[in-house]
Amino acid sequence: MSATMCHGIPTAILLFIMVSVGEAIWLDVPPTGMKCVSEEIQSNVVVLADYIIISEDHSTVPTISAKVTSPYGNNLHHSDNVTHGEFAFTTKESGNYIACFWADAKSHGNKNVSINVEWKTGIAAKDWVSIAKKEKLEGVELEIRKLEGAVEAIHENLIYLRNKEADMRTVSEKTNSRVAWWSMMSLGICIVVSGLQVAYLKHYFEKKKLI
């Protein structure tokens, strides 16, 4: 039992680190056009993100616009001419969630704008300080609760991937079946057309008394 626990604790800590760490992204937005980031997220997952312009010239801080859309194209966040912002939502459907940023050309003299985006999902988006105060958790109890949350998140991700793989397998099998039926039908049509051509040519040659 002790050997299993000794091997299990580092593994759990590793899994917790993998799940709980958010993503920090640095974007260079061009004067024209936009830069987008996306992440495939399953349904019923909390997403928190904030973004801020990084500018060395403090005298003239450029502004940007931001828009976040769901896999079905629903608008989840939209801000115009801002230097920083944040958004939070709970996903309603599985798929790619996209955040796009573009610069206000008049505010930065046609130069690239650098943006730092911090994107957190799932367990990384939880406010553990508030949870600890509400449930009166401290020290080891809080860390165990975090590990439990990480394990649950990994379990949900594995179920999501398994279901997605099953859906893809079903689509692949249906596609293969349709291709096979289409090939058989095409072969049957070719055979029928060839037979009709032979019969027509035979009748034509007999009528002309060539055979």
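Note that this is a predicted model, so its numbers are computed, not measured.

**Student:** Would you mind showing me how to read the overall build of the protein here?
**Tutor:** Secondary structure summary: the protein contains 4 helices and 8 strands in total. Sequence-ordered secondary structure for the protein, helices as α and strands as β, is α-β-β-β-β-β-β-β-α-β-α-α. Within the protein, the proportion of its 211 residues that are buried is 26%. As displayed, the protein offers around 14900 Å² of accessible surface, 60% of which is attributable to carbon and sulfur atoms.

**Student:** Would you take a moment to explain unusual backbone geometry for this structure?
**Tutor:** Across residues other than glycine, the phi torsion is negative in most instances, and most of the peptide bonds are trans. Positive phi outside glycine occurs at N44, with the angle close to 60°. For N44, the location among the structural elements is in the loop between β2 (35–41) and β3 (46–54). By relative accessible area, which is 64% here, N44 ends up exposed. Phi at N81 takes a positive value of approximately 50°, unusual for a residue other than glycine.

**Student:** Any chance you could explain the side chain of S65 here in plain terms?
**Tutor:** Positionally, S65 belongs in strand β4 (residues 64–69). Taking the relative accessible area as the measure of exposure, S65 reaches 6% and is therefore buried. Among the polar contacts listed, one links the side chain of S65 to the side chain of D80, at a separation of 3.2 Å. In this structure the side chain of S65 is engaged in a polar contact, spanning 3.4 Å, whose partner is the backbone nitrogen of N81. The residues contacting S65, other than those within four sequence positions of it, are S79, D80, N81, C100, F101 and W102.

**Student:** Please clarify how the UniProt feature "transmembrane region" (unreviewed entry) in the protein should be interpreted in this entry.
**Tutor:** Look at the UniProt record and you will see "transmembrane region" (unreviewed entry) annotated at residues 179–201. Along residues 179–201 one finds 100% helix and 0% strand; the C-alpha atoms at either end are 33 Å apart.

Calculation notes
Residues numbered from 1 in each chain as written. Predicted model: local features only at pLDDT ≥ 70, side-chain atom pairs only at ≥ 80, totals over all residues. Heavy atoms only, no water. Helix = DSSP H or I, 4+ residues; strand = E, 2+ residues; numbered from the N terminus. Buried < 20%, exposed > 50% of the residue type's maximum accessible area, 1.4 Å probe, protein only. Areas by Shrake-Rupley, 256 points an atom, 1.4 Å probe, with all protein chains shown as cover. Polar contact = N/O pair within 3.5 Å; in protein donor to acceptor, adjacent residues only side chain to side chain. Contact = heavy atoms within 4.5 Å. UniProt positions renumbered as here; feature names shortened; annotations may be inferred.

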